[in-house]
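This is what each chain is made of:
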Amino acid sequence: VFKRFVEIGRVAFISFGPHAGKLVAIVDVIDQNRALVDGPCSGVRRQAMPFKCMQLTDFVLKFPHSARQKCVRLAWEKENINEKWAATRWAKKIEAREKKAKMTDFDRYKVMKAKKMRNRIIKHEMKKLQKMSSKKGKKPDKSEKAPKSEKGPKSEKVPKAQKAQK
Amino acid sequence: AAGEKKPGEKAPGEKKPGKKKTAEKKPAEQKAGQKEVGEKKKKIKKHHASRNPVLARGIGRYSRSAMYARKALYKRKYTAPETKIEKKKKEKPRATITKPVGGDKNGGSRVVKIRKMPRYYPTEDVPRKLLSHGKKPFCQHKRRLRASITPGTVLILLTGRHRGKRVIFLKQLATGLLLVTGPLVINRVPLRRAHQKFVIATSTKVDISGVKIPKHLTDAYFKKKRLRKPRHQEGEIFDTEKEKYEITEQRKSDQKAVDSQILARIKKVPQLRGYLRSTFCLSNGVYPHKLVF
């Protein structure tokens, strides 16, 4: 049921407060509501932080409880948490949200045009396949597989194009 | 004696009057070695040493009157040249003027002062300001322009018949209105004025550095013309005024001149033409305060 636990070394993402958006490692538990937390590689000083503003990630570091900052930093860099985090979908979603918020009016227009074009292509292919399948009658497999494979490359193309244009 | 000590002009032939206070000056003040006396009679002549030997510092041997005699100041009396006095006397302005007065029992004229005494002496030194103090007429108002609006910025018009259209800003006119163009071939917005307040400035800019905007495009050029002379009273007033606006040839030529320069630059930016053709609109989930323009 629960997969991520509060433990020493758990890397957490701070969701609100002055350090919102940064990663920290749990160094020790103070009481039911607070933990001693440290983020040497993300610019968070060692401090107490309530659990409520932390969101647990999948990463766990190995260091003993109340280890000093140097140890936390070593463990962090050994595991290469910063890069691993950037590769997660979570971080990518956050980044995409930020980019969307920063879009200017011109960017929005370009995205709209790109989306429109993409949807047209997809629809076109769908219609083609539907026609084929309706003509041939007994080939449901092909019509199901083909659109999925076509959606894949196109969905990668369009977001890349969007971000490049932004 | 004090007045005559200071000579005005040098009378020719007389020795140059020495410095005013040779008696008080130190004896070493003597200007020796000026042997140009013969040449320039009007120039400074050799000054005599002080004729008042010093007994102790600040105390001379001879009294004031004795010095007067010794320096022969009785001979050196200068009066100011007459011409200036005469001039000043003539220049005195008229203080009163006699004016004729009507009515037969009033005596023919009155003597009236030209410069009268003030009719009011304020209790405070600073005079009271007029009610219209600091209120300037419209033509003297300070015109401001938002920092986000620079030549070449794409603006979104919010009011008027072209609301929602994206348009290129050219310059600010003398009254503060913005001169703006579609360009016409892109979105049917001609060279037009727009009000700064009713416009959203986007961050998209086109480089308009070399574009020359004709100088005759001023507020007077764009001002609406209205006939103000209804010949028929209560008859056909509404007919005579201009109903239909006709596009003059000058407007067309100006439009062409400006747009041709701008279109070239628009083509350089990908997708900008389509962007200018589109209109701005809000839809579900789109909040203007959250949008970055």
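Residues numbered from 1 in each chain as written. Chains lettered and ligands numbered in written order. Predicted model: local features only at pLDDT ≥ 70, side-chain atom pairs only at ≥ 80, totals over all residues. Heavy atoms only, no water.

Asker: So what's going on with the pairing of strand S1 (residues 10–14) of chain A? Residues and values would help.
Answerer: Residue and element names in this part refer to chain A. Counting buried positions along S1 yields five of five residues, so the element is predominantly enclosed. Side chains Arg10, Ala12 and Ile14 project from S1 onto one buried face, and the interleaved Val11 and Phe13 project onto a second face that is buried too. When S1 meets strand S5 (residues 54–60), the two strands line up antiparallel, connected through four bridges. Each residue of the ladder has a partner; that of Ile14, found in S5, is Met54. Strand direction decides the pairing type here: S1 and strand S2 (residues 23–29), joined by three bridges, are antiparallel. Within S2, the position partnered with Phe13 by the bridge is Leu23. (Buried < 20%, exposed > 50% of the residue type's maximum accessible area, 1.4 Å probe, protein only. Helix = DSSP H or I, 4+ residues; strand = E, 2+ residues; numbered from the N terminus. Pairing = 2+ DSSP bridges.)

Asker: For unusual backbone geometry, give the residues involved together with the corresponding values.
Answerer: Following Gly182(B), the chain continues into Pro183(B) via a peptide bond in cis, with omega recorded as -5 degrees. With respect to the element layout, Pro183(B) can be found in the loop between strand S7 (178–181) and helix H4 (184–187). Even without a glycine there, the phi angle at Ser66(A) is positive, about 55 degrees. Secondary-structure assignment places Ser66(A) in the loop between S5 and helix H1 (69–79). Positioned with a positive phi, Gln271(B) is a non-glycine residue whose angle comes to about 70 degrees. Note that Gln271(B) resides in the loop between helix H7 (249–268) and helix H8 (272–277).

Asker: Could you give an account of the sheet that holds strand S3 (residues 34–39) of chain A, naming the residues involved and the relevant values?
Answerer: Residues and elements named next belong to chain A. The strand order across the open sheet built from five strands is S4-S3-S2-S1-S5, with neighbouring strands paired in antiparallel fashion. Sheet topology places strand S4 (44–50) and S5 at the edges, where each strand pairs with a single neighbour. Strand-to-strand twist across the sheet, computed as the mean angle between neighbouring axes with direction ignored, equals 40 degrees. Against the sheet, H1 touches S1, S2, S3 and S4, its axis set at about 130 degrees to S2. (Axes fitted to C-alpha atoms, helices over the stretch in contact; angles between N-to-C directions. Contact = heavy atoms within 4.5 Å.)

Asker: Talk me through the sheet that holds strand S9 (residues 199–205) of chain B; I want residue IDs and the actual numbers.
Answerer: All names here are of chain B. Taking strand neighbours across the sheet as the criterion, the five strands line up as S8-S7-S6-S5-S9 in an open arrangement whose pairing is antiparallel. Each end of this open sheet is capped by a strand with a single partner; those strands are strand S8 (192–194) and S9. Sheet twist, expressed as the average angle between the axes of neighbouring strands with direction ignored, equals 45 degrees. Note that strand S5 (residues 153–157) and strand S6 (residues 166–172) share three bridges and pair antiparallel. Paired with Val154 across the bridge in S6 is Ile168. Along the sheet, H7 contacts S6 and S7; its crossing angle with S6, the most-contacted strand, is approximately 115 degrees.

Asker: Lay out the side chain of Asp259(B) in plain terms, naming residues and giving numbers.
Answerer: Residue and element names in this part refer to chain B. Along the polypeptide, Asp259 turns up in helix H7. For the buried residue Asp259, which engages in no salt bridge, the nearest side chain bearing the opposite charge is Arg188, 8.8 Å off. At a separation of 2.7 Å, a polar atom in the side chain of Asp259 contacts the side chain of Gln255. Not counting residues within four places of it along the chain, the set of residues in contact with Asp259 comprises Thr181, Pro183 and Leu184. (Lys, Arg positive; Asp, Glu negative; His and termini not counted. Salt bridge = Lys/Arg side-chain N within 4 Å of Asp/Glu carboxyl O. Polar contact = N/O pair within 3.5 Å; in protein donor to acceptor, adjacent residues only side chain to side chain.)

Asker: With reference to specific residues and values, describe the side chain of Thr202(B).
Answerer: In this structure, Thr202(B) sits in strand S9. Taking relative accessible area as the criterion, Thr202(B) reaches 2% and is therefore assigned buried. A polar contact of 2.5 Å, which involves the side chain of Thr202(B), links it to the backbone oxygen of Val154(B). Beyond its immediate stretch of four places on either side in the chain, Thr202(B) contacts Asp105(A), Thr153(B), Val154(B), Ile156(B), Tyr275(B) and Phe293(B).

Asker: Give me the lowdown on the interface of chain A and chain B, citing residues and values where you can.
Answerer: How big an interface is tends to be stated in terms of the accessible area lost upon association of its parts. Taken residue by residue, the interface counts 11 residues in chain A and 16 residues in chain B. Both sides together, the interface formed by chain A and chain B hides about 940 Å², and carbon and sulfur atoms give 55% of it. Of all residues in chain A, Asp105(A), Phe106(A) and Tyr109(A) bury the most surface against chain B, accounting for 61% of the area lost on that side. Two residues, Asp105(A) and Arg166(B), come together in a salt bridge whose shortest N-O distance is 2.8 Å. At the boundary of chain A and chain B, one finds five residue pairs in polar contact (both at pLDDT 80 or more). (Buried area = accessible area lost by both parts, 1.4 Å probe.)

Asker: Please provide a residue-by-residue account of the pattern of salt bridges, values included.
Answerer: Scanning the entire structure with this criterion turns up 12 salt bridges over all chains. Notably, a salt bridge pairs Glu79(A) with Lys84(A), separated by 3.3 Å at the nearest N-O pair.

Asker: Would you mind going over a positive patch on the surface in detail, with residue names and values included?
Answerer: A contiguous patch of positive charge on the surface is contributed by Lys113(A), Lys116(A), Arg120(A), Lys123(A), Lys127(A), Lys267(B), Arg273(B) and Arg277(B). Listed by contribution, the elements that provide at least two residues to the positive patch are helix H4 (105–136) of chain A together with H8 of chain B. No other element matches the five residues that H4(A) contributes to the positive patch. Among the secondary structure elements, Arg120(A) is positioned in helix H4. (Patch = residues over 30% accessible without salt bridge, like charges linked within 9 Å, V, L, I, M, F, W, Y side chains within 5 Å. Areas by Shrake-Rupley, 256 points an atom, 1.4 Å probe, with all protein chains shown as cover. Charge placed at Lys NZ, Arg CZ, Asp CG, Glu CD.)

Asker: Tell me about H4(A), residues and numbers included.
Answerer: For an α-helix, the turn length of 3.6 residues means that residues three or four places apart are oriented alike. All names here are of chain A. An ideal rise of 1.5 Å per residue puts 46 Å on 32 residues; H4 measures up with 46 Å between its terminal C-alpha atoms. Along H4, the residues that are buried comprise Asp105, Phe106, Asp107, Tyr109, Lys110, Val111, Ala114, Ile122, Glu125 and Leu129. Backbone geometry just downstream of H4 places Gly137 in the positive-phi region, at approximately 80 degrees. (Expected span 1.5 Å × (residues − 1).)

Asker: Please give an account of the confidence of the model for chain B that cites residues and values.
Answerer: All names here are of chain B. The share of residues in chain B with pLDDT of 70 or more is 76%, and the mean pLDDT across the chain is 82. Confidence, expressed as mean pLDDT per element, reaches its minimum in chain B at helix H1 (residues 2–5) with 46 and its maximum at S5 with 96. For the stretch residues 1–38, pLDDT sits under 50, and the model shows 44 contacts to residues farther than four places along the chain or on other chains. (pLDDT = per-residue confidence, 0-100.)

Asker: Requested: an account of the environment of Ser148(B), with residues and values cited.
Answerer: Residues and elements named next belong to chain B. Among the structural elements, Ser148 can be located in the loop between strand S4 (109–113) and S5. Between the C-alpha atoms of Ser148 and Ala201, which are 53 residues apart in sequence, the distance is 6.3 Å. What Ser148 contacts, discounting residues up to four positions off in sequence, is Thr153, Ala201 and Lys205.

Asker: I'd like a description of the packing of aromatic side chains, backed by residues and values.
Answerer: One pass over the structure, following the stated rule, counts seven aromatic pairs over all chains. With 4.9 Å between their ring centres and 80 degrees between their planes, Tyr221(B) and Phe222(B) make a pair best called edge-to-face. The exposure classification of Tyr221(B) matches that of Phe222(B), with both residues buried. Through a chain of ring-to-ring contacts, the aromatic side chains of Phe13(A), Trp85(A) and Trp90(A) assemble into a single cluster. Its guanidinium or amino end placed over the ring of Phe293(B), Arg108(A) lies 5.9 Å from that ring's centre, counting from NZ or CZ. Here the guanidinium or amino end of Arg143(B) rests over the ring plane of Phe138(B), the centre of that ring lying 4.4 Å away. (Phe/Tyr/Trp six-rings, centres within 6.5 Å; stacked < 30°, edge-to-face > 60°. Lys NZ or Arg CZ within 6 Å of the ring centre and 35° of its normal.)

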